[in-house]
Amino acid sequence: NAGVTQTPKFQVLKTGQSMTLQCAQDMNHNSMYWYRQDPGMGLRLIYYSASEGTTDKGEVPNGYNVSRLNKREFSLRLESAAPSQTSVYFCASRQGLRETQYFGPGTRLLVL
Amino acid sequence: GDSVTQMEGPVTLSEEAFLTINCTYTATGYPSLFWYVQYPGEGLQLLLKATKADDKGSNKGFEATYRKETTSFHLEKGSVQVSDSAVYFCALSEAGGFKTIFGAGTRLFVKA
């Protein structure tokens, strides 16, 4: 039981490049989430998927797109990376409302 | 909207000292409340939770009580260890919603 996995662990991009962050969970959870963590800012929600086939914007969606590929996988895409998107990105999942969220180990992204 | 406010850090304590990290919240309805912990280089993991008023969550010597009258969920530990050094996040899960709202995090340093 791997829980929530994320790839890659670390990535360096140049401004304007694109990339996709991958996330998968093996706990059969309905809801999945993407957050970014910046120093002094806590966690900010980018997008979430309440269930397979649905996605919704969070607090800071600009510059990102998501795909809920199936119940297990939820990817985050940066179409044209900017230095302001330098951050640590966490994927999380949970079974239902008011339940515990389970987090992946994070992807550290540096945009030059 | 719902929000979580927790004390700013960093908090620096000597080993075996008493720990309190304050957390207050605003919410409509009856949210679930959580404390998550993040060790260096890792994702967040659940430390403890409470789902209704007067519930006490506890784990690894940490405790927090859901106080509806003061809208608080303060984290306490009687005797901290060096291994407790981490960032602690207070969070609430909206009643009837899909989002979890996180506080900004409090960094704890424990000196030997």
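All figures in this text were calculated on a predicted structure; none of them were measured in a lab.

Peer 1: Could you clarify how one ought to interpret the packing of aromatic side chains in this entry?
Peer 2: Describing an aromatic ring pair means giving the distance of the ring centres and the angle of the ring planes. Overall, the coordinates contain 11 aromatic pairs over all chains when judged by the stated rule. Seen from their ring centres, Tyr33(A) and Tyr35(A) are 6.2 Å apart, and the 20 degrees between their planes marks the pair as stacked. There is no split in this pair, since Tyr33(A) and Tyr35(A) are both buried. Taking the centre distance of 5.7 Å and the plane angle of 50 degrees together, the rings of Tyr36(B) and Phe102(B) count as tilted. Of this pair, Tyr36(B) sits in strand β5 (residues 32–38) while Phe102(B) sits in strand β11 (residues 100–102); the two residues are 66 residues apart in sequence, bridging distant segments of the chain. We note that Tyr36(B), like Phe102(B), is buried.

Peer 1: Explain the layout of surface pockets here, please?
Peer 2: Taking a probe equal in size to a water molecule and rolling it over the atoms shows the remaining empty space. Approximately 450 Å³ is the volume attributed to the largest pocket. Gln37(A), Gln38(B), Val87(B), Phe89(B) and Arg107(B) are, among the 25 residues lining the largest pocket, the residues nearest its centre. Looking at the lining of the largest pocket, the elements with two or more residues in it are β4 (31–38) and β9 (87–94) of chain A together with β10 (86–93) and β12 (106–111) of chain B. Examining the composition of the lining of the largest pocket, we find that 4 residues originate from one element, β12(B), more than from any other. In this structure, the second largest pocket is lined by 15 residues; those nearest its centre are Leu43(A), Arg44(A), Glu59(A), Ile101(B) and Phe102(B). For the lining of the second largest pocket, the secondary structure elements donating two or more residues are β5 (42–49) of chain A together with β1 (3–6) and β11 of chain B.

Rules used throughout
- Residues numbered from 1 in each chain as written.
- Chains lettered and ligands numbered in written order.
- Predicted model: local features only at pLDDT ≥ 70, side-chain atom pairs only at ≥ 80, totals over all residues.
- Heavy atoms only, no water.
- Phe/Tyr/Trp six-rings, centres within 6.5 Å; stacked < 30°, edge-to-face > 60°.
- Buried < 20%, exposed > 50% of the residue type's maximum accessible area, 1.4 Å probe, protein only.
- Helix = DSSP H or I, 4+ residues; strand = E, 2+ residues; numbered from the N terminus.
- 1 Å grid on protein atoms, 1.4 Å probe; cavity = no way out; pocket = protein on both sides within 12 Å on 5 of 7 lines; lining within 4 Å.
- Points joined across faces, edges and corners; volume = space filled by probe spheres on them.

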